[in-house]
Amino acid sequence: MRTMTRKLFSKILCAAIILSLVSAPAIPSGRAELKAKTPTLKKKNITVNVGKKKTISIKNKSSKYKFSFLSKNKKIASVTAKGVVKGIKSGKTTVVVKQTEKKTKKKKTLGKVKVTVKKIDGKLIIAQSPTPAPVQTSPSPVPPNPTATPEPTPCVDIDFKNGDISMFTTEGEGVKIELSGDGYDDNACLKATGRGTGNNWFGCGMALNLSNYIQPGKLYSIVCYVKCDKDATITVRSRNSGSGGFSFPSQVGNTLDVKAGIWTEFNSVYASPDVVNKGLKIYWDASSTADLYIDSIVIKETKGIDSTFKDTFSEIFGNIGTCNTYTQMRENKQFTTSLYNSVTMENEMKPQYILNNAKVSYDVPDGYVVPESYKDNLYLEFNFNDIDNVIKTAYEYGLRVRFHVLVWHSQTQSFFFRQGYNEERAYVTSSVMDGRLEYYITNIMKHIYETEHGKDVVYAWDVVNEYFHNYDKGNKSKWNEVYYPSEKSESDRTKKPVYAKTAFTVAHKVLEQYGLQDSVSLFYNDYNTYEVADDIIEMINYINEDGKVCDGVGMQSHLDVKYPTPDKIASTIDKFTKEGYEIQITELDVTDYDNSGKQESYYADLIKMFVTKKKAGADITGITFWGLCDSNSWRWDGKPLLFSALFCPKEAFYKVIEVAKSVWE
Ligand code: GLA
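Residues numbered from 1 in each chain as written. Predicted model: local features only at pLDDT ≥ 70, side-chain atom pairs only at ≥ 80, totals over all residues. Heavy atoms only, no water.

Draft legend 1. Examining the packing of helix 14 (residues 599-615) against helix 15 (residues 651-664) more closely. It is the contact of helix 14 with helix 15, at a shortest axis distance of 9 Å, that shows an interaxial angle of 25°. One finds that helix 14 runs roughly parallel with respect to helix 15. The way helix 14 lies across helix 15 gives a crossing that is right-handed. Packed against helix 14, whose contacting residues are E600, Y603, A604, I607, K608, V611, T612, K614 and K615, the element helix 15 presents E651, A652, K655, V656, V659, A660, V663 and W664 at the interface. In terms of residue class, the contact of helix 14 with helix 15 is built from 10 nonpolar, 1 polar and 6 charged. (Axes fitted to C-alpha atoms, helices over the stretch in contact; angles between N-to-C directions. Helix = DSSP H or I, 4+ residues; strand = E, 2+ residues; numbered from the N terminus. Parallel < 35°, antiparallel > 145°, perpendicular 65-115°, else oblique. Left-handed = near helix turned anticlockwise from the far one by under 90°. Contact = heavy atoms within 4.5 Å. Nonpolar A, V, L, I, M, F, W, Y, C, P; charged D, E, K, R; others polar.)

Draft legend 2. Molecular detail of the sheet that holds strand 11 (residues 168-171). Taken in spatial order, the 5 strands line up as 11-14-19-16-17 in an open sheet, and their pairing is antiparallel. Every other strand in the sheet has two partners, leaving strand 11 and strand 17 (250-258) as the edge strands with one partner each. Shown here is a sheet whose adjacent strand axes are inclined to one another by a mean of 25°, direction ignored. Two strands pair when backbone bridges link them, and strand 14 (residues 205-209) and strand 19 (residues 279-286) are joined in this way by 3 bridges, in the antiparallel orientation. Note that in strand 19 the partner of A207 across the bridge is Y283. (Pairing = 2+ DSSP bridges.)

Draft legend 3. View of a positive patch on the surface. A grouping of K72, K92, K112, K114 and K118 is seen on the molecular surface, where their side chains present a positively charged patch. Counting residues per element, the positive patch draws most heavily on strand 9 (residues 107-118), which supplies 3 residues. Mapped onto the fold, K112 is located in strand 9. (Patch = residues over 30% accessible without salt bridge, like charges linked within 9 Å, V, L, I, M, F, W, Y side chains within 5 Å. Areas by Shrake-Rupley, 256 points an atom, 1.4 Å probe, with all protein chains shown as cover. Salt bridge = Lys/Arg side-chain N within 4 Å of Asp/Glu carboxyl O. Lys, Arg positive; Asp, Glu negative; His and termini not counted. Charge placed at Lys NZ, Arg CZ, Asp CG, Glu CD.)

Draft legend 4. Geometry of the sheet that holds strand 30 (residues 620-625). If you trace the 8 strands once around the closed barrel, you get 21-22-25-26-27-28-29-30, paired in parallel fashion. Adjacent strand axes in the sheet meet at a mean angle of 30° when their direction is disregarded. Judged from the 6 bridges that link them, strand 25 (residues 400-408) and strand 26 (residues 458-465) form a sheet pairing that is parallel. Of the residues in strand 26, the one forming a bridge with H404 is D462. Sheet strands touched by helix 11 (residues 498-513): strand 25, strand 26 and strand 27 (521-526). Its angle to strand 26, the strand with the most contacts, is close to 165°.

Draft legend 5. Focus on the site of the ligand. Neighbouring residues of the ligand: E346, K350, H404, W408, Q411, N465, E466, Q556, H558, E587, W626 and W634. One of the side-chain N or O atoms of H558 is found 3.3 Å from an oxygen atom in the ligand. W626 is positioned such that a nitrogen or oxygen atom in its side chain is 3.1 Å from an oxygen atom of the ligand. The fraction of the free accessible surface of the ligand (300 Å²) that becomes covered by protein chains is 89%. Put simply, the parts of the chain that give the shell around the ligand at least two residues each are strand 25 and strand 28 (552-560). Grouping the amino acids of the shell around the ligand by side-chain chemistry returns 3 nonpolar, 5 polar and 4 charged. (Near = heavy atom within 4 Å. Polar contact = N/O pair within 3.5 Å; in protein donor to acceptor, adjacent residues only side chain to side chain.)

In short, the description is geometric, and any link to function would need to be established separately.
And the structure:
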């Protein structure tokens, strides 16, 4: 049986409402002083948009009473313990508001609020999937058909009323679970105790093994109520442990702040992995080690993100991307592929990874090309494991890849620049390094374009990264140590680095060998390009002086709401456009460290500017957001992305679609 204990929630709710209506005392009329003190509902009708929230207000609230709220149809609108109504999908429902006198525990219905939920067209839909889940073993990239009718039955529906907690286990050392009274809407719930006992790195609490209830590669809505004895931040995490070994937990949805002792609704969307291991579980964890409670857990198949975002941006720029690690890519197929058609690997294509565990030998590795410029008698065999996996997976997911990055001062091992590939020894000469550079670029590109689907997948290369910011924490770049040993400081740095020219020349030559020079682009990638635009132009024009080998600029865009203004970036785009460069926005994120609330308008202005420039002729051929969501961004503390958590879009997400469409049309 896939379905757990049925909750009969709506029937019980109706019965409770009828009962309480019958027993509710009428308010005596004509007694002004009593009337003034009696809590009443401010509004009996509210309208809320899908994904938006509105709070039910109560006039004459008194601390004598506790108030509770129940939505008669949680699929239309949910309501939190504080009366915050959230539109889930279009339709109508009623929220029943009850008041309990704290002293006497007398409960009565205060009133009902009619809720109308409206859907805003073209936006993200996070709604219940109308199709029942067919049993399937492989994931389907096609979202459930929205025109089919039957509602999916919950695959998990637990209210603990029958006392059965056998489907739960614990997560973390010392944690115990037990049935407890004082549930969210009845007198049964699950409690986790002993949470402070062990050394529980990734949180701890009650866990539910999902492997029996869900199917691989699908989306599920998880709705439940949580409570903690102390103020806390609640996180739901999932872990897909196999038969052996540890699997890193990932966060499901946003975290939720709860006040001590108050039941609060937790609402999120969970994408099941392509391979569901036996140990696949979700677990609840609170930032406080106080006891934690859960109740009313309903898990159902649901629908994800529509293709409006991807369609809009791919129509305008061609490539719309995100940055991923290989593991994230595997774990977040649904999310990534519904939003993007391009991906940049955060690490796997950097020298640090390719040179990691590279073999050094006197023999030329099988299939490798040794260029004439190569002067060493030792040969490196690169580590292509991750790259091969990425290409295979990207192809399978319908994603194309920006290769990031060949030449960079950072994340590149020191031995690569040293005699005998030995990091204890001195730097090699520039002529030895020329050979290594050609060997490195040629064999990587050759490997990729001779790997199955490599040609379909890798459409752009960051050949050189951050030359104009190559003094990390004041340390001179090793490339410059080799090529410009007498360079003393950044101010001495040449704007015509010979190795950058070599790198582009070699990369272009390889593209020509594979007939890809017109379909694949080679970029110089850097951050704060608006501060070094003229230097970049001088360098690219030097690189291209004997023939065009560099197509243009990857404008990393690690921005902040305070700086730079979109206008400043616009004038840089104008400069690059004047030079005839192709432009890609390669690493976009916009921090708002002060929570100023300006992120949405900043994103709107920025995207509006990009689309306006594109329309006016700038050759902007892609935008890549740097990360899936705030919680896994490298700048997580500035909450820089369009999603706070997976499947949890911010207003800025809707806004960028809206402005892009309106400017483009
Ligand atoms: C730079 C690099 C990226 C990445 C970020 C931090 O922008 O180009 O590859 O390392 O820093 O995530």
